[in-house]
Amino acid sequence: MLINPNTSATTTAMMTAIARRTLGPTVQVHGVTVARGPRLLIDPAALRAAVPEVVEAGRRALAGGGCTALLVAAFGDPGVPELRTFARVPVVGIGEAALLAASAAGTPFGIATTTPLLADSIADQVARLGLTELFTGLRLTQGAPERLSAHPESLRESLALAGERCVVRDGARAIVIAGGPLGEAAEALRPRFEVPLIAPIPAACHRL
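Residues numbered from 1 in each chain as written. Predicted model: local features only at pLDDT ≥ 70, side-chain atom pairs only at ≥ 80, totals over all residues. Heavy atoms only, no water.

1. Digging into the sheet that holds strand β6 (residues 135-140)
- With parallel pairing, four strands are arranged side by side in an open sheet as β6-β5-β7-β8. Where the open sheet ends on each side, the last strands, each with one partner, are β6 and β8 (197-198).
- Where strand β7 (residues 174-177) meets β8, two bridges bridge the pair, whose relative direction is parallel. If you follow Val176 over to β8, its bridge partner there is Ile198. (Pairing = 2+ DSSP bridges. Helix = DSSP H or I, 4+ residues; strand = E, 2+ residues; numbered from the N terminus.)

2. Some points on the pattern of salt bridges
- One pass over the structure, following the stated rule, counts six salt bridges.
- Among the ionic pairs, Arg192 bridges to Glu157, the shortest N-O distance being 2.9 Å. Of this pair, Arg192 sits in the loop between α8 (183-189) and β8 while Glu157 sits in helix α7 (residues 152-168); the two residues are 35 residues apart in sequence, bridging distant segments of the chain.
- Given a relative accessible area of 45%, Arg192 falls into the partly exposed group.
- Given a relative accessible area of 39%, Glu157 falls into the partly exposed group. (Salt bridge = Lys/Arg side-chain N within 4 Å of Asp/Glu carboxyl O. Buried < 20%, exposed > 50% of the residue type's maximum accessible area, 1.4 Å probe, protein only.)

3. So, the state of the cysteines
- Within the structure shown, the criterion is met by zero disulfides.
- With no disulfide partner, Cys67 has as its closest neighbouring cysteine sulfur the one in Cys205, 13 Å distant.
- Classification of Cys67 by relative accessible area gives buried; the value is 16%. (Disulfide = S-S within 2.5 Å.)

4. Concerning unusual backbone geometry
- Positive phi is not limited to glycine here, since Asp77 has a value of about 55°.
- Inspection of the secondary structure assignment puts Asp77 in the loop between β3 (70-72) and α3 (80-84).
- Its identity is not glycine, yet Ala105 carries a phi of approximately 65°, on the positive side.
- Among the secondary structure elements, Ala105 is positioned in the loop between α4 (94-102) and β5 (109-113).

5. Quick look at the packing of helix α1 (residues 9-23) against helix α9 (residues 200-207)
- At a closest axis distance of 9 Å, the pairing of α1 and α9 adopts a crossing angle of 45°. With respect to α9, the axis of α1 lies oblique. At the point where α1 passes α9, the crossing takes the right-handed sense. Here Met15, Ile18, Ala19, Thr22 and Leu23 of α1 come into contact with α9, specifically with Ile201, Pro202, Cys205 and His206.
- Taken together, the residues that form the contact of α1 with α9 break down as seven nonpolar, two polar and no charged. (Axes fitted to C-alpha atoms, helices over the stretch in contact; angles between N-to-C directions. Parallel < 35°, antiparallel > 145°, perpendicular 65-115°, else oblique. Left-handed = near helix turned anticlockwise from the far one by under 90°. Contact = heavy atoms within 4.5 Å. Nonpolar A, V, L, I, M, F, W, Y, C, P; charged D, E, K, R; others polar.)

6. Digging into the pairing of β6
- Alignment of β5 against β6, held across five bridges, turns out to be parallel. Note that in β6 the partner of Gly110 across the bridge is Gly137.
- Note that the unit made of β5, helix α5 (residues 119-128) and β6 has a crossover that is right-handed. (Right-handed = clockwise from strand over helix to strand, strands pointing away.)

Now the structure itself:
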């Protein structure tokens, strides 16, 4: 079960499709959208508000039977620690999975994203995983996240520029695209970089 912590059903469908492509035809992936909250998680308050909604969605998924794993598809991993306290199946957050994949074998990594108000939260997330020494820094796109999300081409180009800055200016040897709703853009940008570009939803699927 892929849980989308924001309330955009369109985003849920997109992320679920990526998970299905990654995991292949032998794995059934079901997407669920939380019942309440913002369409985009762009600040710490929104992340905090998403926690009980994610936990409730996870409880419903587990109560229905047949659920073998929970994938929380927001980079801040809201609700993941809480779900792990009672779920008897693997619980993976896309943020944790992407950061661990990027830093494998001691690789210095940078992060490109659209949400400036979450910069401190992302740095804290890196620190909790013990990866601060490998973190080369965060590079942000230009423009409001809501506007970029409505224009896929502008989003891709802005993320590409942020990723290039991670490599050229900060010395990153891997780039993390931070955000579930950025999933399609992340996949499209992979061929444009010589260093590994980590898309968070595939990273979470591989970790599962």
